[in-house]
Amino acid sequence: MALPPYASPLERVWFWVFRTFCGLVLLFLITPVLVIIPLSFSSGSFLTYPLPGFSLRWYQEIFSAGPWLDSLKNSLIVAPLATLLAMAFGTLAAVGLNRAEFPGKGLILALLISPMVVPLVIVAVGMYFFFAEVGLLNSYTGLVLAHTVLGVPFVVITVNATLQGFDFNQMRAGASLGANPTRVFFDIVLPQILPGVVSGGLFAFATSFDEVVVALFIASPTERTLPIQMFSGIRENISPAIAAMATVLILLSTLLLVTMELLRRRGERLKGSVE
Amino acid sequence: MASTLDPGAPAAQGNLKARLRRAERLRKLKAVGLVAPLALFLVIVFVLPIGSMLLNSVDNGSLRQVMPATAASLQEWDGEGLPEAATFAAFAEELRDSRRGGGLGSVGRRLNYEDSGFRGLLMRTLMGLPRESDDWRATLIDIDPAWGEGVTWRRIQAAAPPRTDRYLLASVDLERGADGEIQRVDADSRLYQAVFQRTLVIAGGVTLICLALGFPLAYLLATLPARTSNLLMILVLLPFWTSLLVRTAAWIILLQSNGLANQSLMALGLVESPLQLVFNRIGVFFAMVHILLPFMVLPLYSVMKGISPSYQRAAVSLGAHPFAAFWQVYVPQTVSGVAAGTILVFIMALGYYITPALVGGPADQMVSYYVAYYTNTTNNWGMAAALGSILLAVTLLLYLVYHRLVNRKQMIGS
């Protein structure tokens, strides 16, 4: 959208006002993410500029034995398990939804996506009572199940989208050549829908790794996840340790972003080669 | 399935149709079988827990379990004068028993919602309760004259039926008066109207600001050459993927009284002393707009990406002013994106809890906060469920609208 040479002065002014405005919005979006990084290298204990000096003490704090490392470990236990469960459940369901027409399909899809829509506090309170009744309150199992519920819609949506272009006759071809359904799934279907499965899984992982409301309700201090630790850190005493952990998380989100972008490009290339 | 596809199989003409039907049915069953595990899992761990939690909003509490005879005889009472002597006797008996079973606490809590002095009255009565009595009515009135007043018994009567609408009414600042008519509560105890209003104002305001910031940005990204726009898209996607808590912490750091925002304002000479920018409504708006803006930009972008620039050029070549061409030709084509983005952001904003709790003040807490508060702090589950039901109903209704407006493909495309 370059400015044409015949643009009137008013259009020129408008063009630059518009670009400046957009630049400011982008600045607004990225500043908070960038501002927190240098603070993590502060040698002082306050989160203000200018920095008194450079130090890695806050990284030492979050990576040496203590609440930060414990909570990171907990999140690294819960998030991958919840992601795997969500990927397994979600992929099967998405394949089933696309395999045949059956009554109530729209309603079932709505059910599968609903955890994404219902306000988190309601999910949290509901699960709090339910897990208390069945003895899963304050347990890793409860936390994993809860995060599976929250992650599953992403997998269903992304796999569903990938399956839109999938030719199910390939499954018939596989079967007619003598492969059993399991082999058909792993050798024919899965390789083609893998980008959708993985990007859904990444969404599910990011959700679990950042989920604080439900975890606050159903986890005891033993299963304290990283987001809970961040939450109470921000609430009680906001120190550069939070900035250090934030920097680690920003690094992680950059990694997620790059992976998603690569998956998207691969998906587009595949689509392009078919057409 | 393999057999129906086997061309070598001898297919008798008559039953080919039946076999095809059967194969089709089998395929359907297999499809349902693939969806079933997840559907069942969600029903057990998600739908039923939330459903049964929301039923708390019409549950009248434990009086029926702890004092069944009292509840039953009070339900037959017409409310005139005092209940029969048998009611007094049943109550005295069950009050004494309630101490052992641990039911006294929950009955006291429930009756306190009717009148805040009730727990004390029960305790006092229990202290003075004799082992035996020939006339429980006289004995109880002797212990506390409140038992001689009809209103005391009418309050217990209100807690007797299994279901109640008091919590749902209370959540919209209504109550039942002495005669059972629905009326508004006293002006100074109208709490929830303000909470809902505040929730709508914050969610609506955040949505409008997101639209105002997101529309131009999405337009720019959709019209720039792919190389530049992909690069700028990173500035939208990186915050999108960054932890909500990280971004909330960053806003506290930026907006605090000696933070970068105030430092810059003072360096520019715009203000003399630091402004209070966080732990109030301003902080809530900054953080929430920042977190939700990508959810506005992405659907807008995907719709705008599909709009051909030729229409606008055609309008200009036909003599329209460029602004008119933009407003009358381009903008109407973006309506589905605008609708998707606004409803999505509004739905998400309605349920916000963590961000206002961290960057807002006491006067900036939204409905979710009160649901959590009543569950954790006061154990008033009826009130938590009633507020939660309203929040959920509004959210699901809006989601239905969203679903109607956006076809599934666009939602996935974003």
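In this text the structure is predicted, and so the values were computed from the model without any measurement.

## Comments concerning the overall build of chain A
Step number 1: Tallying secondary structure elements over chain A gives eleven helices and zero strands in all.
Step number 2: Here the C-alpha atoms of chain A give a radius of gyration of 24 Å, more than 25% beyond the 19 Å that 2.2 N^0.38 yields for 275 residues.
Step number 3: For chain A, the C-alpha atoms occupy an extent of roughly 70 × 70 × 30 Å along the three principal directions.
Step number 4: By the burial criterion, 52% of the 275 residues in chain A qualify as buried.
Step number 5: Long-range contacts, defined here as pairs at least 24 residues apart, represent 68% of the contacts in chain A between residues at least 6 apart.
Step number 6: Surface summary for chain A: the accessible area is close to 12500 Å², and the carbon and sulfur share equals 68%.
Step number 7: Between the centroid of the 15 positive side chains of chain A and the centroid of its 14 negative side chains there is a distance of 8 Å.

## A closer look at the environment of Thr 182 of chain A
Residues and elements named next belong to chain A.
Step number 1: On the secondary structure map, Thr 182 appears in helix α8 (residues 181-209).
Step number 2: On the basis of relative accessible area, Thr 182 is assigned to the partly exposed category, the value being 49%.
Step number 3: Sequence-wise, Thr 182 and Ala 88 are 94 residues apart; in three dimensions their C-alpha atoms are separated by 14 Å.

## Some points on the interface of chain B and chain A
Step number 1: Each partner contributes to the interface: chain B provides 84 residues, whereas chain A provides 86 residues.
Step number 2: Summing the contributions of chain B and of chain A, the shared interface buries around 7900 Å²; its carbon and sulfur component is 85%.
Step number 3: Our count for the contact surface shared by chain B and chain A stands at seven residue pairs in polar contact (both at pLDDT 80 or more).
Step number 4: At 19 residues, the largest contribution of residues to the side of chain B that touches chain A is made by helix α2 (residues 13-55) of chain B.
Step number 5: A breakdown of the residues in the side of chain B that touches chain A according to their chemical character gives 66 nonpolar, 15 polar and three charged.

## Comments concerning the UniProt feature "domain: ABC transmembrane type-1" (unreviewed entry) in chain B
Step number 1: Within this numbering scheme, the UniProt entry marks residues 196-402 of chain B as carrying the feature "domain: ABC transmembrane type-1" (unreviewed entry).
Step number 2: With 77% helix and 0% strand, residues 196-402 of chain B has its two end C-alpha atoms placed 21 Å apart.

## Some points on the side chain of Thr 375 of chain B
Step number 1: Relative to the helices and strands, Thr 375 of chain B resides in helix α20 (residues 367-376).
Step number 2: Within the structure, the side chain of Thr 375 of chain B is placed 2.7 Å from the backbone oxygen of Val 371 of chain B, a separation counted as a polar contact.

## Considerations on the pattern of salt bridges
Step number 1: Following the criterion strictly, the structure yields twelve salt bridges over all chains and no others.
Step number 2: A salt bridge links Arg 264 of chain A to Glu 261 of chain A; the shortest N-O distance between them is 2.7 Å. Remark: Glu 261 of chain A and Arg 264 of chain A occur in helix α11 (residues 240-274); sequence separation between them is three residues, near one turn of the helix.
Step number 3: For the salt bridge of Arg 281 of chain B with Asp 364 of chain B, the shortest nitrogen-to-oxygen distance reads 2.7 Å. Here Asp 364 of chain B lies in the loop between α19 (354-359) and α20 and Arg 281 of chain B lies in helix α15 (residues 281-305), a separation of 83 residues in the sequence.

## A closer look at the packing of aromatic side chains
Step number 1: Scanning the model with the defined rule gives 34 aromatic pairs over all chains in all.
Step number 2: Their ring planes at 50° and their centres at 5.1 Å tell us that Trp 147 of chain B and Trp 153 of chain B sit as a pair that is tilted.
Step number 3: Ring centres of Tyr 369 of chain B and Tyr 373 of chain B lie 6.3 Å apart, and the angle between their planes is 15°; this geometry places the pair in the stacked category. Here Tyr 369 of chain B and its partner Tyr 373 of chain B are both found in helix α20, four residues apart, which amounts to about one turn of the helix.
Step number 4: Here the aromatic residues Phe 18 of chain A together with Phe 215, Tyr 219, Phe 326 and Tyr 330 of chain B are joined through ring pairs into a cluster of three or more.
Step number 5: Sitting above the plane of the Phe 102 of chain A ring, Lys 105 of chain A keeps its charged end 5.9 Å from the centroid.

## Re the UniProt feature "domain: ABC transmembrane type-1" (unreviewed entry) in chain A
Step number 1: The positions that UniProt labels "domain: ABC transmembrane type-1" (unreviewed entry) are, in the present scheme, residues 72-260 of chain A.
Step number 2: In the segment residues 72-260 of chain A, helix accounts for 80% and strand for 0%; the C-alpha atoms at its two ends are 23 Å apart.

## Quick look at the UniProt feature "transmembrane region" (unreviewed entry) in chain A
Residue and element names in this part refer to chain A.
Step number 1: The UniProt entry lists residues 21-41, 76-95, 107-131, 143-163, 184-206 and 241-263 under the feature "transmembrane region" (unreviewed entry), expressed in the numbering used here.
Step number 2: Along residues 76-95 the backbone is 100% helical and 0% strand, and the end-to-end C-alpha distance reaches 29 Å.
Step number 3: For residues 143-163, helix accounts for 100% and strand for 0%, while the C-alpha atoms at its two ends are 30 Å apart.

## Points about the environment of Ile 156 of chain B
Residue and element names in this part refer to chain B.
Step number 1: Positionally, Ile 156 belongs in helix α9 (residues 150-158).
Step number 2: Along the backbone, Ile 156 and Gly 259 are 103 residues apart, and their C-alpha atoms lie at a distance of 56 Å.
Step number 3: Discounting chain neighbours no more than four positions away, the residues touching Ile 156 are Leu 63, Leu 74, Phe 91, Leu 111, Phe 118 and Trp 147.

## Thoughts on the nonpolar core
Step number 1: Core analysis: the largest hydrophobic core is formed by 187 residues, its most contacted members being Leu 112 and Met 127 of chain A together with Val 206, Leu 217, Met 288, Ile 354 and Leu 387 of chain B.
Step number 2: When residues no more than four places from it in sequence are discounted, the contact partners of Leu 112 of chain A are Ala 93, Leu 97, Val 152, Pro 153 and Val 156 of chain A together with Val 35, Leu 38, Ala 39 and Leu 42 of chain B.
Step number 3: Phe 91, Ala 92, Leu 129 and Ala 159 of chain B belong to the second largest nonpolar core, which has 25 residues in total.

## So, the UniProt feature "transmembrane region" (unreviewed entry) in chain B
Step number 1: Feature annotation in UniProt assigns "transmembrane region" (unreviewed entry) to the following positions: residues 31-55, 200-222, 234-254, 282-303, 338-361 and 381-402 of chain B.
Step number 2: This span, residues 200-222 of chain B, is 100% helix and 0% strand, and a straight line between its end C-alpha atoms measures 31 Å.

## Description of the packing of helix α6 (residues 103-114) of chain B against α9 of chain B
Residues and elements named next belong to chain B.
Step number 1: The interhelical angle for the contact between α6 and α9, taken along N-to-C directions, is 115°, at an axis separation of 9 Å. As α6 packs across α9, the resulting crossing turns out to be right-handed. Contact residues: Arg 110, Leu 111 and Glu 114 in α6; Arg 155, Ile 156 and Ala 158 in α9.
Step number 2: Taken together, the residues that form the contact of α6 with α9 break down as three nonpolar, no polar and three charged.

## Digging into unusual backbone geometry
Step number 1: Residue Pro 50 of chain A is reached from Tyr 49 of chain A by a cis peptide bond, and omega for that bond is -5°.
Step number 2: When you line up the elements, Pro 50 of chain A lands in the loop between α1 (9-39) and α2 (57-63).
Step number 3: Phi at Asp 173 of chain B is positive, roughly 60°, even though this residue is not glycine.
Step number 4: With respect to the element layout, Asp 173 of chain B can be found in the loop between α10 (166-170) and β1 (174-176).
Step number 5: A positive phi angle, near 65°, is found at Phe 279 of chain B, a position not held by glycine.
Step number 6: Summarising the element assignment, Phe 279 of chain B is placed in the loop between α14 (260-267) and α15.

Definitions and limits used
- All residue numbers refer to positions counted from 1 along the written sequence of the respective chain.
- Throughout, the order in which chains and ligands are written sets their labels, letters from A for the former and numbers from 1 for the latter.
- Only residues with pLDDT of at least 70 are given local features in this predicted model, and only at 80 or more are side-chain atom pairs given and counted; all residues enter the totals for whole chains, interfaces and linings.
- Heavy atoms from the whole structure form the basis of all side-chain values; hydrogens and water molecules are not counted.
- In this description a helix means any DSSP run of H or I spanning at least four residues, a strand means any run of E spanning at least two, and both kinds are numbered starting from the N terminus.
- Using C-alpha atoms as the atom set, the radius of gyration is obtained and then compared with a globule rule of 2.2 Å times the number of residues to the power 0.38.
- The rule is simple: take the accessible area with a 1.4 Å probe, protein chains only, and divide by the maximum for that residue type; under 20% is buried, over 50% is exposed, in between is partly exposed.
- Contact criterion: two residues are considered in contact whenever any of their non-hydrogen atoms come within 4.5 Å of each other.
- Using a 1.4 Å probe, the Shrake-Rupley method yields the accessible areas, and only the shown protein chains count as cover for residues.
- Charged residues are defined here as Lys and Arg on the positive side and Asp and Glu on the negative side; His and the ends of the chain fall outside this count.
- Charged groups are reduced to one reference atom each: NZ for lysine, CZ for arginine, CG for aspartic acid, CD for glutamic acid.
- Buried area, as used here, totals the accessible surface that two parts lose on assembly, with accessibility defined by a 1.4 Å probe and the loss added over both.
- Think of a polar contact as two N or O atoms within 3.5 Å of one another; within protein, one of them needs to be a possible hydrogen donor and the other a possible acceptor, and neighboring residues in sequence only count if both atoms come from side chains.
- Note on residue classes: Ala, Val, Leu, Ile, Met, Phe, Trp, Tyr, Cys and Pro are nonpolar, Asp, Glu, Lys and Arg are charged, and everything else, Gly too, is polar.
- UniProt positions are given in the numbering used here, feature names are shortened, and annotations may be inferred rather than shown by experiment.
- For salt bridges, the criterion is a side-chain nitrogen of Lys or Arg within 4 Å of an Asp or Glu carboxyl oxygen.
- Each Phe, Tyr or Trp ring (for Trp, its six-membered ring) is paired with any other whose centre lies within 6.5 Å, and the angle between the two planes then decides the class: stacked below 30 degrees, edge-to-face above 60, tilted in between.
- When the NZ atom of lysine or the CZ atom of arginine is within 6 Å of a ring's centre and also within 35 degrees of its normal, the charge is said to sit over that ring.
- Only buried residues count toward a nonpolar core. Its members are Ala, Val, Leu, Ile, Met, Phe, Trp, Tyr and Cys residues joined through side-chain atoms within 4.5 Å.
- Angles run from 0 to 180 degrees between N-to-C directions of axes, and those axes are lines fitted to C-alpha atoms, restricted for helices to the stretch in contact.
- Note on convention: the crossing is left-handed when the near helix lies turned anticlockwise from the far helix by less than a right angle, right-handed when the turn is clockwise.

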